[in-house]
Amino acid sequence: MNTKELLKSLTREEKIGQMLQIAPFFFVKHAHVEVAGHLKALNLTKKQIFEAGSVLGIGNGHEMIEVQEVFLKESRHKIPLLFMADIIHGYETIFPVPLGLASSFNPKLAKKVARISALEAATSGIHVTFSPMADLSRDPRWGRVVESFGEDPYLNGQFSSAMVQGYQGDDLKQENNLASCVKHYAAYGKSEAGRDYNTVDLSRLSLHYDHMEGYRKAIEAGARLIMTSFNVVDGIPSTVNKYLLRDVLRDLWHFTGVTITDYDSLHQVIAHGVAEDDLQAALRGIDAGLDIEMASTCYVNYLSELVDQGLVDETLIDDACLRILDLKEELGLFDNPYKHAHPERATQIVRSKEHLDSARKVAHESIVLLENRQVLPLKSGTKVALVGPYATNRETNGPWSWHGNNALNANLQEALNHDLEIIYINSSEVISDYQTDDFNVIEDADVVLYACGETIHESGEAHNRAKIALPRDQENLYHVLKKHAKKIVTIIFAGRPLILNELTSSDALVYAWFPGSEGAYALSDLLLGRMNPSGKLPMSFPRHEGQIPLYYNHLNTGRPYDPTHRNPFTSYYLDVPNTPLYPFGYGLSYTSFELGSSMLSSNHMSLNETVELKVQIKNTGMMRGQEVVQLYIRDHFAWIARPIKELKAFQKVMLEPGEEVTLTFNIDKTMLGYYTQDGLFVVEPGHFDLMIGTDSDHLTTHKLTLKKE
Ligand code: NOJ
């Protein structure tokens with residue numbers, strides 16, 4: 001299809017229509033409702049509805065076909081609708097939540113997750129997924145940390161890029177490839193006080209240095225769309241922020257794809273106080289370079305009027321419309337408007353054994369072992385008492401899994417039943433529900449498995465918490481169980497890092513996040529030692545809410561705290577240590593690994609050289625397992641202050657007992673430079689530390705000098 005010619009054949013209203021996204025129930029009354037809210041109240045005329053360009057959310061392939069048919073029959077121009085949806089960590093086969101996925105430190109897995117998600121979601125006629133969420137997240141009070149890849153720009157960039165590659169494949173025209181829409185541009189994760197939709201106020205330097213990396217890497221990987229965030233940046237809502245949408249996105253990054261608002265976020269600029277009404281909102285949006293308006297009607301009601309008034313140049317509308325038409329063409333919708341909708345194929349592949357097996361494998365690598373005092377893995381014949389809400393709760397999918405069905409998941413009781421003697425089950429989370437008799441059985445057990453945590457409604461969009469300890473009565477229940485148990489293994493399901501101080505006295509502490517469809521089976525594999533845990537934390541775990549934001553890659557300050565030389569006038573708290581309870585990159589295994597000597601090929605390099613850092617790693621324990629070797633750098637002196645350490649590379653290796661390998665890290669200038677406040681990458685000569693280890697807190701240092709040319 002020649003999209004430029006097509007554009008010429010459209011009326012102005014039709015072009016503006018392409019820029020509107022509404023829900024399927026506008027076309028077919030009985031259609032699936034995913035997110036409705038404000039959408040329901042939109043007062044659109046039939047003409048406006050049948051000029052719309054895209055759809056948000058769809059139930060299944062039959063429904064997509066029906067909606068597209070109705071639309072194509074009624075619309076004058078017959079331009080197929082584009083179907084977009086939130087496929088975040090799986091379609092019906094649900095994988096661990098993104099924060100759990102990041103704990104795998106295995107971007108190849110993320111690519112696989114995205115590929116399987118695309119294969120399944122495509123059968124329902126979805127063309128675009130609103131994923132990955134690349135918002136750097138350093139505040140565990142924020143409910144949406146669950147959707148993020150955590151606190152580190154590099155890790156975030158690696159996972160965001162891998163997800164895009166997995167969804168999109170090599171050619172969007174091919175069946176089963178989805179276009180990826182990275183979100184929420186920009187710096188949504190910086191919402192003040194961890195409250196969703198709240199103000200974001202950050203320096204340009206931190207914007208480019210820390211927060212942009214995820215979006216940048218997703219775009220470099222080819223993401224075709226980008227969604228704006230609900231927050232302001234420099235006082236201007238991202239949705240109408242010219243600096244973000246034109247200066248950075250188009251001019252600096254050369255992004256040629258489509259920009260889209262978040263839900264109703266163009267209309268919300270009125271509440272932000274930067275437009276008086278929908279007309280002004282439309283003016284600011286088009287001026288800023290915003291293409292699609294999701295779930296509000298500023299464009300569709302006012303853009304044409306703005307052109308008539310001479311306030312908007314129609315070429316801006318043409319440009320936006322052409323980008324949308326080009327995306328439809330690239331996806332092959334003009335050849336086949338029903339592309340991807342395959343209800344029959346869905347019955348074969350959706351939630352297939354193969355996909356569920358993959359979900360189980362991903363969960364193995366996502367779960368993090370935080371403590372283990374020789375209790376795990378459980379020996380066969382162990383008498384177990386299984387207690388706590390997640391003993392029988394099947395809700396392991398976590399937030400943002402619209403098409404996933406928790407009822408189909410096994411719970412822990414079922415998953416463990418095959419292999420263990422479970423002598424007692426109590427799924428209460430409240431001590432008052434336990435009787436004296438209950439404690440007799442608990443005392444009788446060799447090990448108490450306490451499966452507790454947050455519900456699926458305690459994290460996710462708009463689900464923020466100011467207090468992030470284990471909620472309700474569950475911490476008290478832990479203390480009571482601990483008193484009666486010979487040994488206690490605490491298993492936590494959660495969408496964020498929780499404050500775990502009290503629970504560290506568990507004989508073993510397992511952090512499961514929300515592990516997805518096969519989470520209970522994956523946990524049983526780990527608890528019983530059929531698999532060895534290898535997850536590492538993608539966020540620092542605080543000791544107290546007062547430490548937040550707490551992240552490992554902070555600046556040194558002019559008065560850094562030194563625990564070995566206590567000086568009262570340094571940067572510290574009187575009542576809580578500076579350090580996290582568990583650091584970034586931390587996680588245990590059932591086996592032990594020893595990092596042997598490491599060697600740097602040279603302590604000097606010039607700008608266009610590379611040096612090699614070689615490190616030996618040996619599995620010194622009794623079980624096959626994976627370890628993540630992490631490389632951090634520190635630039636001691638630069639024009640701007642730089643973090644005390646920054647992750648720059650990692651390698652995950654599987655080793656048999658006794659096996660030893662040498663890993664090589666190539667160090668080049670891309671690891672040593674930084675982004676300035678203008679978003680430019682610069683490298684300064686000087687002295688660097690290269691630090692290698694298996695978490696961000698236990699590192700061996702090498703010195704490297706980057707010479708002046
Ligand atoms: C609002 C959320 O912020 C965004 O992540 C999501 O993609 C849209 N709604 C569409 O559902």
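Residues numbered from 1 in each chain as written. Predicted model: local features only at pLDDT ≥ 70, side-chain atom pairs only at ≥ 80, totals over all residues. Heavy atoms only, no water.

It is worth spelling out the layout of surface pockets at this point. Size it by volume and the largest pocket reaches roughly 1200 Å³. Of all elements in the fold, only helix H8 (204-220) and strand E25 (686-695) reach the threshold of two or more residues within the lining of the largest pocket. Looking at the lining of the largest pocket, its residues break down into 19 nonpolar, 14 polar and six charged. Inspection of the lining of the largest pocket shows a minimum of three residues originating in each of domain 1 (3-32 + 48-345) and domain 3 (593-706). Here the second largest pocket defines a volume of roughly 430 Å³. Elements with a minimum of two residues in the lining of the second largest pocket: helix H7 (153-168), H8, strand E21 (646-655), helix H20 (669-672) and strand E23 (674-675). A total of five residues in the lining of the second largest pocket trace back to one element, the largest contributor, which is H8. Taken together, the residues that form the lining of the second largest pocket break down as ten nonpolar, five polar and nine charged. Residue contributions to the lining of the second largest pocket reach at least three from each of two domains, namely domain 1 (3-32 + 48-345) and domain 3 (593-706). (1 Å grid on protein atoms, 1.4 Å probe; cavity = no way out; pocket = protein on both sides within 12 Å on 5 of 7 lines; lining within 4 Å. Points joined across faces, edges and corners; volume = space filled by probe spheres on them. Helix = DSSP H or I, 4+ residues; strand = E, 2+ residues; numbered from the N terminus. Nonpolar A, V, L, I, M, F, W, Y, C, P; charged D, E, K, R; others polar. Domains from an automatic or database assignment.)

Attention now moves to helix H19 (residues 519-527). Among the nine residues in H19, eight count as buried, and that is most of the element. Within H19 the residues assigned to the buried category are Gly519, Ala520, Ala522, Leu523, Ser524, Asp525, Leu526 and Leu527. For H19, the secondary structure elements touched by its buried residues are helix H15 (353-366), helix H16 (412-417), strand E14 (447-453), strand E15 (488-493) and strand E16 (508-511). Directly beyond the C-terminal end of H19, a positive phi value near 80 degrees is found at Gly529. (Buried < 20%, exposed > 50% of the residue type's maximum accessible area, 1.4 Å probe, protein only. Contact = heavy atoms within 4.5 Å.)

In this fold, Arg216 is placed in helix H8. Only 2.9 Å separates the side chain of Arg216 from the side chain of Glu213, close enough to count as a polar contact. (Polar contact = N/O pair within 3.5 Å; in protein donor to acceptor, adjacent residues only side chain to side chain.)

Let us now look at the pattern of salt bridges. Counted by the stated rule, this structure contains 42 salt bridges. Here Lys15 ties to Asp318 by a salt bridge, and the two come within 2.7 Å at their closest N and O atoms. With Lys15 in helix H2 (residues 12-18) and Asp318 in helix H13 (residues 314-330), the pair connects residues that are 303 residues apart, well separated along the chain. Among the residues examined, Lys15 registers a relative accessible area of 8% and is labelled buried. It is possible to trace a salt-bridge network through shared partners that takes in Arg12, Lys15, Asp308, Glu314 and Asp318. (Salt bridge = Lys/Arg side-chain N within 4 Å of Asp/Glu carboxyl O.)

Further remarks concern the state of the cysteines. Taken as a whole, this structure holds zero disulfides when the rule is applied. Cysteine Cys298 shares no disulfide, and the gap to the nearest cysteine sulfur, in Cys321, comes to 18 Å. The cysteine Cys321 is free of any disulfide, with Cys181 supplying the nearest cysteine sulfur at 18 Å. On the basis of relative accessibility, which here comes to 0%, the residue Cys321 falls in the buried class. (Disulfide = S-S within 2.5 Å.)

The next subject is the domain arrangement of the protein. Here the protein is described as being made up of domain 1 (3-32 + 48-345), domain 2 (352-544) and domain 3 (593-706). Each of domain 1 and domain 2 has a C-alpha centre, and the two are 35 Å apart. Between domain 1 and domain 2, the contact holds 47 residues from the first and 42 residues from the second. Taken together, both faces of the contact between domain 1 and domain 2 bury some 3400 Å²; the carbon and sulfur share is 62%. Together, Ile94, Ser103 and Pro140 form the three largest contributors to the area buried by domain 1 at its contact with domain 2, with a combined 17%. Summed over the shared surface of domain 1 and domain 2, the result is one salt bridge. Note that Glu461 and Arg144 form a salt bridge whose closest N and O atoms lie 3.8 Å from each other. Taken together, the connections running from domain 1 to domain 2 amount to 22 residue pairs in polar contact (both at pLDDT 80 or more). For the side of domain 1 that touches domain 2, the secondary-structure elements that each account for two or more residues are helix H5 (98-103) and helix H6 (107-122). The element that contributes the greatest number of residues to the side of domain 1 that touches domain 2 is H6, accounting for six residues. Its residues assigned to classes, the side of domain 1 that touches domain 2 shows 24 nonpolar, eleven polar and twelve charged. (Buried area = accessible area lost by both parts, 1.4 Å probe.)

This paragraph deals with unusual backbone geometry. Trans is the common state for peptide bonds, and a negative phi is the common state for residues other than glycine. Following Ser131, the chain continues to Pro132 via a peptide bond in cis, the omega torsion being 5 degrees. Mapped onto the fold, Pro132 is located in the loop between strand E4 (128-129) and H7. Cis geometry is found at the peptide bond from Lys183 to His184, where omega equals -10 degrees. Positioned with a positive phi, Gln374 is a non-glycine residue whose angle comes to about 55 degrees. Among the secondary structure elements, Gln374 is positioned in the loop between strand E11 (368-372) and strand E12 (383-387).

With that settled, the discussion passes to the sheet that holds strand E6 (residues 225-228). Pairing is parallel across the open sheet formed by eight strands, whose spatial order is E9-E6-E5-E4-E3-E2-E1-E10. The open sheet has two free edges, formed respectively by strand E9 (258-260) and strand E10 (293-294), since each of these has just one partner strand. Direction of pairing for E6 relative to E9: parallel, over a ladder of three bridges. The partner of Leu225 across the bridge, within E9, is Val258. (Pairing = 2+ DSSP bridges.)

Right, let's talk about the pairing of E12 for a bit. With four of five residues buried, E12 lies mostly within the body of the structure. Here five bridges tie E12 to strand E13 (residues 421-426), and the two strands are oriented parallel to one another. Among the inter-strand pairings, Lys383 is bridged to a residue of E13, identified as Glu421. Crossover handedness for the path E12 to H16 to E13: right-handed. Pairing of E12 with E14, which is carried by four bridges, proceeds in the parallel orientation. The residue bridging Leu386 from the neighbouring strand is Leu449, located in E14. (Right-handed = clockwise from strand over helix to strand, strands pointing away.)

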